[in-house]
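Given next are the chains, with one letter for each unit.
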Amino acid sequence: MKLYISRIILGLFLLCSPFVLAQHLSKNQFKVKGNCNLCKERIETTAKKAGAKTANYSVDSQILTVETDDNVSPNEILKEVAKAGHDNEKFQADEASYQALPACCHYERNSTQTSEEHYMHAKAENEFYVKGNCESCKARIEKAAKDAGADSAEWNAEKQTVALNFNSQKTSADAILKKIAEVGHDNEKYKASDSTYKNLPSCCLYDREIPFGETNPKVHTEETTEAAHNHNAGTSHEKNIEGVTVTASKASTSLNKKEAGLIFNIDKKELLKAACCNLSESFETNATVDVSFSNAVTGTKQLKMLGLDQKYTSLTKELLPEIRGLASAYGLNFIPGRWIESIQLTKGGSTVTNGYESITGQINTELLKNSEKPETSLNLFADFNGRTEANITSVSKIDDKWSQTFLLHGNGTFGDTDMNDDGFLDRPKGTQLNAAYLLNYNDLEKSGFGSHFGINFIKDERTAGQVGFDKKIPQDKQSLYGVGIDISRFQVWNKTGYVFKGKPYQSLGWMNQYTFHQQDSFFGLRNYSGKQHTYYSNLIFESILGNTNHKYKAGASFMYDGYDENYLTQNFKRNEIVPGAFAEYTLTGLKYTLVAGARIDFHNLAGTQFTPRLNFKYDITPQTILRLSAGRGFRTANIFAESQQHFASNRNIQILENGGNIYGLKPEIAWNYGASLQQEFKLFGRKSSIVADFFRTDFQDQVMVDLDRSPQQLTFYNLEGKSFANSFQTQWDLMPFKNFELKFAYKYYDVQADYLNGRRAVPFMAKHRGFVNAAYSTNKNDKGGFWSFDTTLNIVGKQRLPDTSSNPSQFQLAAYSPSYSVLNAQISRNFNQKIRAYLGGENLTSYSQSNAIVDFKNPFGNYFDGGMVYAPIMKANFYVGLDVTF
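Keep in mind the model is a prediction, meaning the values are calculated, not measured.

1. Some words on the confidence of the model for the protein
Alright, step 1. Chain-level statistics for the protein give a pLDDT mean of 88 and a share of 91% at 70 or above.
Alright, step 2. In the model, residues 1–23 has pLDDT below 50 throughout and makes zero contacts with residues more than four positions away in sequence or in other chains.
Alright, step 3. Counting interchain partners and residues more than four positions distant, the pLDDT-below-50 stretch residues 220–251 has 111 contacts.

In structure tokens, the structure reads:
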């Protein structure tokens, strides 16, 4: 009997021993850098040799999970892993160990990580990983920790860790972390239940897929109110409110995954990949926007988006109206590239809070105004054909609340460039002086107030036409054909906002701007001048309905435009007065976001206009995102300012009035619909993404610019019938190997309209376009120096050209232009963090349009036309530049 009992006791002991032993095992997760299955084997083997009972490494999540006895220190395991060549959250491998790894194992290290990678945060002994997003998360996590017996708890949003101080006789880290999970926050020990997580406010719905130790991108956006967030997502360390933006640039070029709309954030790092002397050149490495020359005589560049001209895209600066009205033709030249901190590009309908003029999308430019320490930069630029440029930017703090920015730009084009030997300058000569001062006040954390003030003055003078033309001599006193354009522009603006105390989700913003613009110009014997006074005001209130899953904005706006134009002997004067009101509602669910808004504007000349817009995003999976959009927009056409590329011709202007109040024409109205699919995946062990989108724009009362009725006429009239633009684009971004990025894109446009003589494709719009961008940079040395290599290839298909069949045969153009390619490239060398030099070339294929000017030998004759441009005018052009930071 005793033997039987002893056997039972022994059997029970043996049966229970695994569970008893398991209670003495600790399970931990650590961030460890690796690249492939060979890395996985090496890391797991090293961990086990260092004392781990079990070790499992995930290449995808970069997480090492180990089980250890209580007497084995995880630090010792991680130290050995580092000796084997793998950086981790506690220890970094020395350079020799890293370089000794096989080539396939050379992961991206923190010192050379790309903008798509996350920074790995280390933690101390008393710190534990806890996921969260915002101040509400912080309060909830710290309260739960104290409820579980912690003497103190400090949650750090950036590091995604909580630092605990507790008496081990009263509680334990395990008990505290369990309590934190019970209130909805995943941590390194426990995971919150799905029901608890889903019941968190929308601002607290952190990404559960992000591995512990990686930066949470929502930390930089959800603390802001959504109003400013719509245009500065992922770029700020401080709070934003609508109309007051206090941001610090972060990304290079990225598609914002959190936004309902299709919004691309372009950082100043991206702008350094090309010459980028002004805003028109800021999209050379971007597939969404098409950049083209619009005139062989004035040399101005224009943007096109979704297959439509620049005038249908809302172009703003600091979220304030910028390039519109009389500035339409040359406004892109007035924002220097070195002044730009970031660009937010919205494809399709944008938010109603920013006005009614956006039809194909919005491009918002943010100026330099943020720096952790005082910084002054000098940029010098020159090309091999007589163009020079200098920029000085200075950002500095006045005190803890005040900061200021000085921006100064000057450029000059002095060379006579005539590469096709037609006797006309390929680009105008002239100078520009551009100066701005920005003053910022930020006390959002304490008083809740923030403010931004800006002032800008521009003087731009240019001369074009035949080589040898003297602008000082009146046109009728000399035989050479000339063009003279003198522009003066002054702006002053202010954006002030208030975040309500104790209510970080509730804010009030007020924006005001005054703009004066004057242009005096002549095109041969044709004179055009104009003055514009614009005052804009926008008041926006934002709050929630119950919780942050339901947000809303409401406000009122006012726009005044005073125009006084002279064309030949005719005077056109009008005042546009537009008070308006708007409201927008945002519904946020676990996998979807719906933004629905509408505004009503009372235009004194265009009548009452109702503008609804809707954006919807659904996360099919964390890596697969579907977006839908629809919206209406309207605008009043400034037919003279927007058509100056045709003034350097013999064309006589005809306006076929139909009873409207603006040049006898009605306002343009358009509906835009869009759908896009974003798919992320891993290729070569690195992130890759494909985005495909389709947009359609339908017009009503569009102001037609008819170049086909006669080569000697430029006719304006309102659309009778249909006008539409279908746009399809797909883009693939990938990184085949370390520091090498590739972008491929294909675009298809179908743009047609019912002209008076029937339906035709809109001229100067290629149906097919291809885009390739390649960028490679070397690793940084000890001084922060490295090389960068960038190249962009644009392939442009054939374009329909205006009908010139009634001209004599020698002055007739083909029905369609030939296809062509343009190659740009740049090499830059950062010697350290303060000195950078670069050398680049534009249009390296040297393709240029041979017949850019029709009948160039007789510019005062009946057949002269400088507006028939479909391709580059200049052949290969090389440039050099230098950036110095003090």
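2. Some words on empty space enclosed by the protein
Alright, step 1. Evaluation of the coordinates by the stated rule reveals 12 cavities of 30 Å³ or more.
Alright, step 2. For the second largest cavity, the calculated volume is near 90 Å³.
Alright, step 3. What lines the second largest cavity is a set of 14 residues, among which Lys273, Ala274, Thr792, Asn824 and Ala825 lie closest to the centre.
Alright, step 4. Mapped onto the lining of the second largest cavity, the elements with two or more residues apiece are β38 (786–796), β39 (820–830) and β40 (835–842).

3. Remarks on the packing of helix α5 (residues 135–147) against helix α6 (residues 173–182)
The packing of two helices is summarised by the inter-axis angle and the distance between the axes.
Alright, step 1. One can describe the packing of α5 onto α6 by two numbers: an axis separation of 8 Å at closest approach and a directional angle of 135°. In terms of orientation, α5 and α6 fall into the oblique class. Our pair here, α5 against α6, has a crossing hand that is right-handed. Of the residues in α6, those in contact with Ile141, Ala144, Ala145 and Asp147 of α5 are Ile176, Lys179 and Ile180.
Alright, step 2. Tallied by class, the residues present in the contact of α5 with α6 amount to five nonpolar, no polar and two charged.

4. Quick word on the side chain of Asn333
Alright, step 1. Tracing the backbone shows Asn333 in the loop between β13 (320–321) and β14 (340–347).
Alright, step 2. Of the polar contacts made by the side chain of Asn333, one reaches the side chain of Asn278; its length is 3.4 Å.
Alright, step 3. Among residues more than four places away in sequence, those in contact with Asn333 are Asn278, Ser280, Gln432 and Arg462.

5. Details of helix α2 (residues 37–49)
Alright, step 1. Taking 1.5 Å of rise per residue, 13 residues should cover 18 Å, and α2 covers 18 Å from first to last C-alpha, within 8% of that figure.
Alright, step 2. Listed as buried for α2 are Cys39, Arg42, Ile43, Glu44, Thr46 and Ala47.
Alright, step 3. Each element contacted by the buried residues of α2 is listed here: β2 (54–58), β3 (63–69) and α3 (74–83).
Alright, step 4. Once α2 finishes, Gly51 follows within two positions and takes phi at roughly 120°, a positive value.

6. So, the sheet that holds strand β8 (residues 262–267)
Alright, step 1. Read from one edge of the open sheet, six strands run β7-β8-β14-β15-β12-β13, paired in mixed fashion. Each edge of the open sheet carries a strand with a single partner, namely β7 (253–255) and β13.
Alright, step 2. By the bridge criterion, five bridges tie strand β12 (residues 313–317) to strand β15 (residues 361–367) in an arrangement that is parallel. For Thr316, the partnering residue across the bridge sits in β15 and is Asn364.

Rules and cut-offs
- Residues numbered from 1 in each chain as written.
- Predicted model: local features only at pLDDT ≥ 70, side-chain atom pairs only at ≥ 80, totals over all residues.
- Heavy atoms only, no water.
- pLDDT = per-residue confidence, 0-100.
- Contact = heavy atoms within 4.5 Å.
- 1 Å grid on protein atoms, 1.4 Å probe; cavity = no way out; pocket = protein on both sides within 12 Å on 5 of 7 lines; lining within 4 Å.
- Points joined across faces, edges and corners; volume = space filled by probe spheres on them.
- Helix = DSSP H or I, 4+ residues; strand = E, 2+ residues; numbered from the N terminus.
- Axes fitted to C-alpha atoms, helices over the stretch in contact; angles between N-to-C directions.
- Parallel < 35°, antiparallel > 145°, perpendicular 65-115°, else oblique.
- Left-handed = near helix turned anticlockwise from the far one by under 90°.
- Nonpolar A, V, L, I, M, F, W, Y, C, P; charged D, E, K, R; others polar.
- Polar contact = N/O pair within 3.5 Å; in protein donor to acceptor, adjacent residues only side chain to side chain.
- Expected span 1.5 Å × (residues − 1).
- Buried < 20%, exposed > 50% of the residue type's maximum accessible area, 1.4 Å probe, protein only.
- Pairing = 2+ DSSP bridges.

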